[in-house]
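The lines below spell out each chain.
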Amino acid sequence: MSSTATCPELQPEILNLIIDELHSFRPDLKTCALVCRGWVSQSRSHLFSRIHLYQNNVFPFLALCASPHSTIPLARVSDFTIATNRCVEGEPEDKQLQDSPAFDQLLTWRSPHDGKSIADVFRHLQTLSLDWIGWRTLSETARSVLHSAFQTVTELRMWNVVFETGDEFLEFLSSMICLETLCLDGVGLRAPGQASTMESNVFSSHFHTVDLKNLSPDHSGRVIRAITPCPSLKNLSVHVCNFDDMSADCSMAVGNLLVSAGPSLESFGFYVQAAGMLKGDVDLGKHPS
């Protein structure tokens, strides 16, 4: 009589811990992802934990996601950036920078095989970064998708994003039901005098941190007022290049945001880069000649 010995199988939890030890060794992680389907998710979670797309990479990325053999949805992507500030050779000027349709294409995409959307691809997303996005490029379909696409996001970072109105700005923020941290860097409202008619307190009780960078004396005041009051605010930091960037309107808006935090506020930082020549070790803005 002959007996066939079977190799003992490791529990998935133990296998995941072993793969986790390889987090800094990309060649080994790629090999692990090819062993069997059961190893794909944990391997991909390290290989593709962060994805950064420029506007000219959106179509290839969506084509990859649309493949019936795609393992991107298994990667549990936690950090995603889409940027449209790369000038693409041969692309018309009106399709570059904040007028690029890349974000709209990403939001309205549907897989031809199983109908999955970008929300299915990024269902584990925690950090979302939007760079050089113009909200006027978004179709009605894209705007509706926004309300469900990024509900797991806890940190939102926006750099040079332009909204048409304060209502657009707040509608987007209100869709982030798990948001905890907000970084606004050069964010503005295009329509002069258009603040918001919505209720400003759109944040959940989990929200606690605001980081304001590159404030504009002309536009930042309206953006800050749109997120005021913020009674759950614990941490506020303000970064400016020069004191001149803090107009009276902007200073008042920051002050009102601070006051609205009340007893929940734990830390406040104000940072001046002082990009110009220092006079007497201090640059308080533009000095008369």
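Residues numbered from 1 in each chain as written. Predicted model: local features only at pLDDT ≥ 70, side-chain atom pairs only at ≥ 80, totals over all residues. Heavy atoms only, no water.

The protein chain is annotated in an unreviewed UniProt entry as F-box domain-containing protein from Dendrothele bispora.

Engineer: Looking at this structure, how should I read the overall build of the protein chain?
Structural biologist: A count of helices and strands for the protein chain gives 10 helices and 10 strands. Scored against the burial criterion, the 289 residues of the protein chain give a buried share of 44%. Taking contacts inside the protein chain between residues at least 6 apart in sequence as the whole, the part at least 24 apart equals 81%. Of the roughly 15,400 Å² of accessible surface on the protein chain, 54% is carried by carbon and sulfur atoms. (Helix = DSSP H or I, 4+ residues; strand = E, 2+ residues; numbered from the N terminus. Buried < 20%, exposed > 50% of the residue type's maximum accessible area, 1.4 Å probe, protein only. Contact = heavy atoms within 4.5 Å. Areas by Shrake-Rupley, 256 points an atom, 1.4 Å probe, with all protein chains shown as cover.)

Engineer: Before we go on, may I ask you to explain the pairing of strand S9 (residues 235-240) in this structure?
Structural biologist: Along any regular strand, the residues point their side chains to alternate faces of the sheet. Taken together, the five bridges between strand S8 (residues 209-213) and S9 define a ladder with parallel strand orientation. In the strand pairing of S9, Lys213 is matched with His239. Note on the crossover from S8 through helix H9 (residues 220-226) to S9: the handedness is right-handed. Sheet analysis places S9 next to strand S10 (residues 267-272), joined by six bridges and oriented parallel. The residue bridging Val238 from the neighbouring strand is Phe270, located in S10. (Pairing = 2+ DSSP bridges. Right-handed = clockwise from strand over helix to strand, strands pointing away.)

Engineer: Would you take a moment to explain the nonpolar core for this structure?
Structural biologist: Generally speaking, a soluble globular protein has its nonpolar side chains buried in company with each other. One finds Phe61, Phe103, Phe150 and Met158 to be the most contacted residues of the largest nonpolar core, which totals 68 residues. If we ignore the near neighbours within four places in the chain, the residues touching Phe61 are Ile51, Leu53, Ile72, Leu106, Ile118, Val121 and Phe122. (Core = buried A, V, L, I, M, F, W, Y, C linked by side-chain atoms within 4.5 Å.)

Engineer: What is the right way to look at the pattern of salt bridges in this model?
Structural biologist: Side chains that differ in charge, positive against negative, can pair when their charged atoms come close. Scanning the entire structure with this criterion turns up seven salt bridges. Arg50 serves as the salt-bridge partner of Asp79, at 3.5 Å between the closest nitrogen and oxygen. With a gap of 29 residues between them, Asp79 in strand S2 (residues 79-83) and Arg50 in strand S1 (residues 50-54) connect regions that are remote in the sequence. Residue classification places Asp79 among the buried residues on the basis of a relative accessible area of 17%. For Arg50, a relative accessible area of 64% corresponds to the exposed category. (Salt bridge = Lys/Arg side-chain N within 4 Å of Asp/Glu carboxyl O.)

Engineer: Can you walk me through the sheet that holds strand S6 (residues 181-185) in this structure?
Structural biologist: What holds strands together in a sheet is hydrogen bonding between their backbones, with the strands either parallel or antiparallel. Read across the sheet, eight strands follow the order S1-S2-S3-S4-S6-S8-S9-S10 without closing on themselves; strand pairing throughout is parallel. Whereas interior strands pair on both sides, the edge strands pair on one side only; in this sheet they are S1 and S10. The average undirected angle you get between the axes of adjacent strands in this sheet is 5°. Relative to S6, strand S4 (residues 155-159) is paired through five bridges, and the arrangement is parallel. Residue Arg157 lies in a different strand from S6, and its bridge partner there is Cys183. Across the face of the sheet, helix H8 (residues 166-174) comes into contact with strand S3 (127-131), S4 and S6 while running at roughly 150° to S4. (Axes fitted to C-alpha atoms, helices over the stretch in contact; angles between N-to-C directions.)

Engineer: Which parts of the structure should I look at to understand the side chain of Asp211?
Structural biologist: Of note, Asp211 is situated in strand S8. Residue Asp211 is classed as buried on the basis of its relative accessible area, which comes to 15%. Only 2.7 Å separates the side chain of Asp211 from the side chain of Ser237, close enough to count as a polar contact. (Polar contact = N/O pair within 3.5 Å; in protein donor to acceptor, adjacent residues only side chain to side chain.)

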